[in-house]
Amino acid sequence: MDGFQLWDDWLNSSLAHLKDAQLLRILRPTVWCNSSSEAYIHRADLDAWLAGQPPIVRHYDQGAAVTMSAAVVPGDSDSLCTYVVRHYGDMDYCVAPTDLDTAAAQDASGTCCRRCGSSARGDEDRCVCCCSRSSNKQIDPSRKSSSCANSRDNPHDSSSGPAAHCRSDAGVKDAAISLETGPANWVSGNAGCTTSASSCSRSKESRNNTDPGLLVRLRLFSLNDYLGLASHPEVSEAAARAARQIGMGPRSSALVAGYTHSHRQLEEGLAQLKGTEDCLLFPTGFGANLAVMTSLAYAAPTSAATGGCSASHTDGGSSALAIFSDELNHASIIDGARLALRGSGASGGAVQLHVYRHNDLGHLEDLLAATPPGVRRLVVTDSLFSMDGDFADLQGLSSLRRRHPFLLAVDEAHATLVCGEGGSGAAEAMGVAHEVDLHIGTLSKAFGALGGFVACSHSFKQLLLNRGRAFVYSTSLPVPVVEAAGAALRVSQRESWRRTHVWSLVHRLGTGLGVPALSPVVPLVVGPEGPTLELSSRLLREGLHVPAIRPPTVPPGTCRLRVSLSAAHSYDDVDELIRLVQQSDVPLVRLPHLLDPRAALLPRCSGSLLLPSRL
């Protein structure tokens, strides 16, 4: 057996194992939609999703402002059939499968309808299929979470408060033409559609597996866009303005030529938010955690200024580092700690890694007390845990820090802009932000953008930008992304009602289902894998995407649906989720550690200590 065959056998065996264990994940493409709580998907792709099959629609230039773009789908024969989507301005119209050359010729000769692509002409250059269609019907945004026109056409100002929860779906504002609705379909609501499927240029009976089908609206309880800022007009405009002016900006690492005044301005804004001296941007939050863990593992070097001795201990004790990590910390912290452990020899220091039981400060104190003198101690924890939605006992850690001095690093990825009166995070909400040495965060969740950051002292920033390989050897963030994040920060400070609304949704879901709802991340724990997957599929059939989370992401026996709430959701969105879960008759389990008051923010800080008494 040659070396290539060994690799083939290994790859096939690895994929077969994932498939047998029902752990093989598949990417599911959706159609562009300017929304923080919705997406559109081709009906054929949704059918394939529900059947556990790969997507079948091929997308080319989907959503682009071109005269014609094509999605190639396998047909019944060896040839490929082309499904054409014509774009006129910002409106998309679906056309039945046809030969691409024929479609192009029809479009050029003007023999097809300019609105739906049919050759059956009607009045005013529109065919009989679409003459009777109304467009852009406005739906009350406080009711069903339907698409609406862009903010310029919306009577509710985007900054006026909760009335602006309507979606700003400029890219699909005439999606009624291509949406299939009605009681026989997956989506129970009309999504603003004023026509039936039978009025489309092709009927359901005429469709075959070469037709990707009509677009179906999905309401997403699976995003981390907690404040709904990814689709905010001001955020979008900031990114667009920067892209128009300078493109993506300098493409280089920050230390070479990729650092601009936009980057510096955002760092200053984040430092002010966190109450620190300075801040350093990273391409991702994952990279930020990697840089922190590996940079702190370096031994303190000898220096002429210290007489040839290490900066802190003449016995070299400062070379050793003990890392203490909560067992439910994010994968980026886990990988960063492991990398620090494995690279400790090369960095000249000895690293020990200790994992303490989740939120068990008694266990942590025992580990700290057993640490030899002269060893630097680092405690690192998420502030809001991404799968259980509970909080670290930051007040307890603050007290413990006084008895056993250690450096405290807190990853506020899911809490920044969501918790605290000013949106600084859980540490602010618990009144201990000044006790945190390294505030780690991300720009890809409540900011609605992309990137990571570490807010810290100026000295720690200097260390990270020189020692953090995930920073040094990565291209800096594109300027449009940085400008978008800066705009999101400003909007979050001005529109504080977004935090208030998302927390009201947390309360509504928790009391409605009788489960602990401690944050915008609410786990609906079912237990076994089978019923969990079935409940997720049932919700998907009804147009709600709530992902099923299984081992190894969560411990065996605790499979759950992970609900992620956003200020872009309406009360009716949450009520619909409650209704469908209750109708399923699937019993939900309350995890014991979520009933501990220390797992929640204090009531005076967030009003979110929600431990419903009923199941």
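All values derive from a computational prediction rather than experimental measurement. (Residues numbered from 1 in each chain as written. Predicted model: local features only at pLDDT ≥ 70, side-chain atom pairs only at ≥ 80, totals over all residues. Heavy atoms only, no water.)

1. A closer look at the overall build of the chain
Part 1 of the argument: If you tally the helices and strands in the chain, you get 19 helices and 18 strands.
Part 2 of the argument: For the chain, the proportion of its 615 residues judged to be buried stands at 53%.
Part 3 of the argument: In the chain, the share of contacts with a sequence separation of at least 24, taken over all contacts with a separation of at least 6, comes to 70%.
Part 4 of the argument: Of the accessible surface of the chain, which amounts to about 26200 Å², a share of 54% is contributed by carbon and sulfur atoms. (Helix = DSSP H or I, 4+ residues; strand = E, 2+ residues; numbered from the N terminus. Buried < 20%, exposed > 50% of the residue type's maximum accessible area, 1.4 Å probe, protein only. Contact = heavy atoms within 4.5 Å. Areas by Shrake-Rupley, 256 points an atom, 1.4 Å probe, with all protein chains shown as cover.)

2. Some remarks on the pattern of salt bridges
Part 1 of the argument: This model, assessed by the stated rule, comprises 23 salt bridges.
Part 2 of the argument: Between Arg357 and Asp360 there is a salt bridge, with the nearest N and O atoms lying 3.1 Å from each other.
Part 3 of the argument: Given the relative accessible area of 25%, Asp360 is considered partly exposed.
Part 4 of the argument: One salt bridge in this structure joins Arg401 and Glu435, with 3.0 Å as the shortest N-O distance. On the criterion of sequence distance, the pair formed by Arg401 in helix 11 (residues 394-403) and Glu435 in the loop between helix 12 (426-429) and strand 13 (438-442) is long-range, its members being 34 residues apart. For the residue pair Arg401 and Glu435, the accessibility class agrees, reading buried in each case.
Part 5 of the argument: Among the ionic contacts, a cluster of salt bridges with common partners joins Arg264, Glu267, Glu268, Asp278 and Lys461. (Salt bridge = Lys/Arg side-chain N within 4 Å of Asp/Glu carboxyl O.)

3. Some remarks on a nonpolar patch on the surface
Part 1 of the argument: Taken together, the side chains of Trp7, Trp10, Leu11, Leu15, Leu18 and Leu24 define a hydrophobic patch exposed on the protein surface, amounting to about 620 Å² of accessible area.
Part 2 of the argument: Along the chain, Trp7 falls in helix 1 (residues 3-20). (Patch = residues over 30% accessible without salt bridge, like charges linked within 9 Å, V, L, I, M, F, W, Y side chains within 5 Å.)

4. Considering the packing of aromatic side chains
Part 1 of the argument: Taken as a whole and judged by the stated rule, the model has 2 aromatic pairs.
Part 2 of the argument: Here Trp7 and Trp10 contribute two aromatic rings whose centre-to-centre distance is 5.4 Å and whose plane-to-plane angle is 85 degrees, an arrangement assigned as edge-to-face. Placement of the pair is Trp7 and Trp10 together in helix 1, with a separation of 3 residues, close to one helical turn.
Part 3 of the argument: Sitting over the face of the ring of Tyr298, Arg467 holds its NZ or CZ atom 4.2 Å from the ring centroid. (Phe/Tyr/Trp six-rings, centres within 6.5 Å; stacked < 30°, edge-to-face > 60°. Lys NZ or Arg CZ within 6 Å of the ring centre and 35° of its normal.)

5. Topic: the pairing of strand 15 (residues 521-527)
Part 1 of the argument: Judged by how many residues are buried, strand 15 sits mostly within the fold: 7 of 7 residues are covered.
Part 2 of the argument: Going residue by residue along strand 15, you find Val521, Pro523, Val525 and Gly527 tucked away on one face and Val522, Leu524 and Val526 tucked away on the opposite face as well.
Part 3 of the argument: Sheet topology note: the strand 15/strand 18 (residues 559-564) ladder contains 6 bridges and is antiparallel. Residue pairing in the sheet places Gly527 in a bridge with Cys559 of strand 18. (Pairing = 2+ DSSP bridges.)

6. What about the environment of Ser252?
Part 1 of the argument: By the secondary structure assignment, Ser252 is in the loop between helix 4 (233-246) and helix 5 (254-258).
Part 2 of the argument: Expressed as a C-alpha distance, the spacing of Ser252 and Ser474, which sit 222 residues apart in the sequence, is 7.8 Å.
Part 3 of the argument: In this structure, Ser252 is in contact with Ala257, Gly258, Thr475 and Ser476, ignoring residues within four places of it in sequence.

Taken by themselves, the reported measurements are silent on function.
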